[in-house]
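Okay, here's what each chain looks like letter by letter:
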Amino acid sequence: MNDKIVWDISITAPSQYQAISNGVLLETTEVDKNRKWQFNMDIPMSSYLVAMVVGNYEVEKKMSASQKQMELYYYPEDLQKAEPTYRHTIKMFDFLEQEIGIEYPWKVYKQIPVKDFLYSGMENTTATIYSDQFVVDDIAFNDGNYVTVNAHEMAHQWFGNLVTETSGKHHWLQEGFATYYSMLAEQEIYGEDHYYMTLFENAESLIAQTKAGRGTALLDPKASSLTFYQHGAWALHALRDEIGDVDFKLSVRTYLKQYAGRNVTTDDFLKIVSNTSGKDMSEFKNRWLTNTQFPSAEALQLLRKSNFMEQYFQLAARSISSFDESFNSYKETLRSPVNELLVEEMISQLILHKKTIESLNFIKKPLQPEMLRLDKP
Ligand SMILES: [Zn+2]
């Protein structure tokens, strides 16, 4: 992890296959019945990020706004699935470059599905590998898709690959950051309410972990995945609220510039935040990084800054009331413009009350048919 070197990989394989590895493909040469692929990298990287894939693949090549080449690999039989699988890829890539404020450091970014993969995805530098269970057609896309994993592994290219933790104690610098920036990328696509809903759902899981006595501190190398990923993202949300957008973005930019191609600790990051914002970070560290409990009161305060969350909490509180008591609240929820997330919560309460959407027949017009899908318990 701490030995970063420049890798130039070559692969020799039967020529009917496609070989893929980190970096730019310099050349291919025929060697008897085989072919040799020669790849070039020019920034040092850790050995756990090396990737080699050989198989039957087609590739779709696209360009980002910054003229980085995107190589989107798919199995030859999956041509129809390529578009839904890679939907939003360029938009998220362009967004991350803008949001992070540091150009993607390499010339090419490849994504390759593989069979029987142990994880959802692995963010190998310039060559993310992901489980082919995320390869979906247009219809299956609605039930589950690659968007979140796509954004997460993409964000790792900066957080994990360009700068790398010195040890497991600082694992949130990779997983917390990748989770946070993938949430921002999804916000760009699905909107702010979706972002807050994700924060809220993650907080519920973290509170449950604390209540079950299994809470772990973010700086504990043996912390749970829930802590590293979701608590880590929460810590960054809280930090941004505390120091403001401008200082937050400047801190992240400075951090990536200063430690590009190197290893980092949490204190390296906090020192930059402190210098940038002029604020002492020890209270933040105690509350969010070394605390084994999830700070639920602070999290609730932060959620309440969203008008949508306020509306959501008011509606959610109705779940212990009777249908008649909640009737006006439901009526309010259906007032145009309708918020799909609020309607989903309302419908789940109707199911609890053993009522159907027809029992709210005073106003059905703003509802789109797809919003009624929860109406069938
Ligand atoms: Zn990750």
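Residues numbered from 1 in each chain as written. Predicted model: local features only at pLDDT ≥ 70, side-chain atom pairs only at ≥ 80, totals over all residues. Heavy atoms only, no water.

## Describing the overall build of the protein
Logical step 1: For the protein, the count of helices and strands is 12 helices and 12 strands.
Logical step 2: Against the 2.2 N^0.38 benchmark of 21 Å for 377 residues, the protein shows a C-alpha radius of gyration of 23 Å, consistent with a compact globule.
Logical step 3: Seen along its three principal axes, the alpha-carbon backbone of the protein occupies a region of about 80 × 55 × 35 Å.
Logical step 4: Residue burial in the protein is summarised as follows: out of 377 residues, 50% are buried.
Logical step 5: Of the contacts formed within the protein by residues at least 6 apart in sequence, a portion of 66% connects residues at least 24 apart.
Logical step 6: Accessible area of the protein: about 18,100 Å², with a carbon and sulfur share of 48%. (Helix = DSSP H or I, 4+ residues; strand = E, 2+ residues; numbered from the N terminus. Rg over C-alpha atoms; globule rule 2.2 N^0.38 Å. Buried < 20%, exposed > 50% of the residue type's maximum accessible area, 1.4 Å probe, protein only. Contact = heavy atoms within 4.5 Å. Areas by Shrake-Rupley, 256 points an atom, 1.4 Å probe, with all protein chains shown as cover.)

## Looking at the side chain of E97
Logical step 1: In this fold, E97 is placed in helix α2 (residues 89–100).
Logical step 2: The charged side chain of E97 is buried without a salt bridge, its nearest counter-charge being K68 at 5.3 Å. (Lys, Arg positive; Asp, Glu negative; His and termini not counted. Salt bridge = Lys/Arg side-chain N within 4 Å of Asp/Glu carboxyl O.)

## Some words on the confidence of the model for the protein
Logical step 1: In this model, the protein carries a mean pLDDT of 93, and residues with pLDDT of at least 70 account for 95%.
Logical step 2: Throughout residues 373–377 the model reports pLDDT below 50, and contacts reaching past four residues in sequence, or to other chains, amount to 10 contacts. (pLDDT = per-residue confidence, 0-100.)

## Topic: the packing of aromatic side chains
Logical step 1: Under the criterion given, the structure shown has 33 aromatic pairs.
Logical step 2: Seen in terms of ring centroids, Y130 and Y146 are 3.9 Å apart; in terms of plane orientation they differ by 25°. Their pairing is stacked. One end of the pair, Y130, is in strand β10 (residues 127–131); the other, Y146, is in the loop between β10 and α3 (147–156), and 16 residues separate them in sequence.
Logical step 3: A relative accessible area of 0% places Y146 in the buried class.
Logical step 4: One aromatic cluster in this structure is built from F159, W172, F177, Y180, Y181, F248, Y255, Y259 and F269.
Logical step 5: The ring of F141 has R87 sitting right over it, with the charged end atom 4.4 Å from the ring centre.
Logical step 6: The ring of F323 carries the charged tip of K355 above its face, separated from the ring centre by 4.7 Å. (Phe/Tyr/Trp six-rings, centres within 6.5 Å; stacked < 30°, edge-to-face > 60°. Lys NZ or Arg CZ within 6 Å of the ring centre and 35° of its normal.)

## Here's the deal with the nonpolar core
Logical step 1: Residues W172, Y181, W234, Y255, L256, F269 and M346 are the most contacted members of the largest nonpolar core, which totals 95 residues.
Logical step 2: Here this core gets 13 residues from one element, more than from any other, and that element is helix α6 (residues 225–259).
Logical step 3: Apart from the residues within four sequence positions on either side, Y255 is in contact with F159, V163, L173, F177, V264, F269 and I272.
Logical step 4: Within the second largest apolar cluster, 10 residues are counted, among which are I20, A51, Y75 and I112. (Core = buried A, V, L, I, M, F, W, Y, C linked by side-chain atoms within 4.5 Å.)

## Some points on the domain arrangement of the protein
Logical step 1: Taken domain by domain, the protein consists of domain 1 (10–157), domain 2 (168–303) and domain 3 (307–375).
Logical step 2: Between the C-alpha centres of domain 2 and domain 3 there is a distance of 33 Å.
Logical step 3: Between domain 2 and domain 3, roughly 620 Å² of surface is buried when both sides are summed, and carbon and sulfur atoms account for 81% of that area.
Logical step 4: Looking at the side of domain 2 facing domain 3, the largest losses of area belong to D193, M197 and F200, adding up to 68% of the total buried there.
Logical step 5: At the junction of domain 2 with domain 3, the criterion picks out zero salt bridges.
Logical step 6: Here domain 2 and domain 3 share one residue pair in polar contact (both at pLDDT 80 or more) between them. (Domains from an automatic or database assignment. Buried area = accessible area lost by both parts, 1.4 Å probe. Polar contact = N/O pair within 3.5 Å; in protein donor to acceptor, adjacent residues only side chain to side chain.)

## Considerations on unusual backbone geometry
Logical step 1: Even without being a glycine, D32 presents a positive backbone phi close to 55°.
Logical step 2: Non-glycine residue K354 carries a positive phi angle of around 55°.
Logical step 3: Counting through the fold element by element, K354 comes out in the segment after α12 (340–352).

## A short note on the sheet that holds strand β3 (residues 24–31)
In any sheet, the strands associate via hydrogen bonds between backbone groups, in a parallel or an antiparallel arrangement.
Logical step 1: In spatial order, the strands read β1-β4-β3; together these three strands make up an open sheet with antiparallel pairing. Single-partner strands in this sheet number two, and they are β1 (10–14) and β3. Ignoring strand direction, the axes of neighbouring strands in this sheet form an average angle of 20°.
Logical step 2: Where β1 meets strand β4 (residues 34–40), five bridges bridge the pair, whose relative direction is antiparallel. Within β4, the residue paired with S10 across the bridge is Q38. (Pairing = 2+ DSSP bridges. Axes fitted to C-alpha atoms, helices over the stretch in contact; angles between N-to-C directions.)

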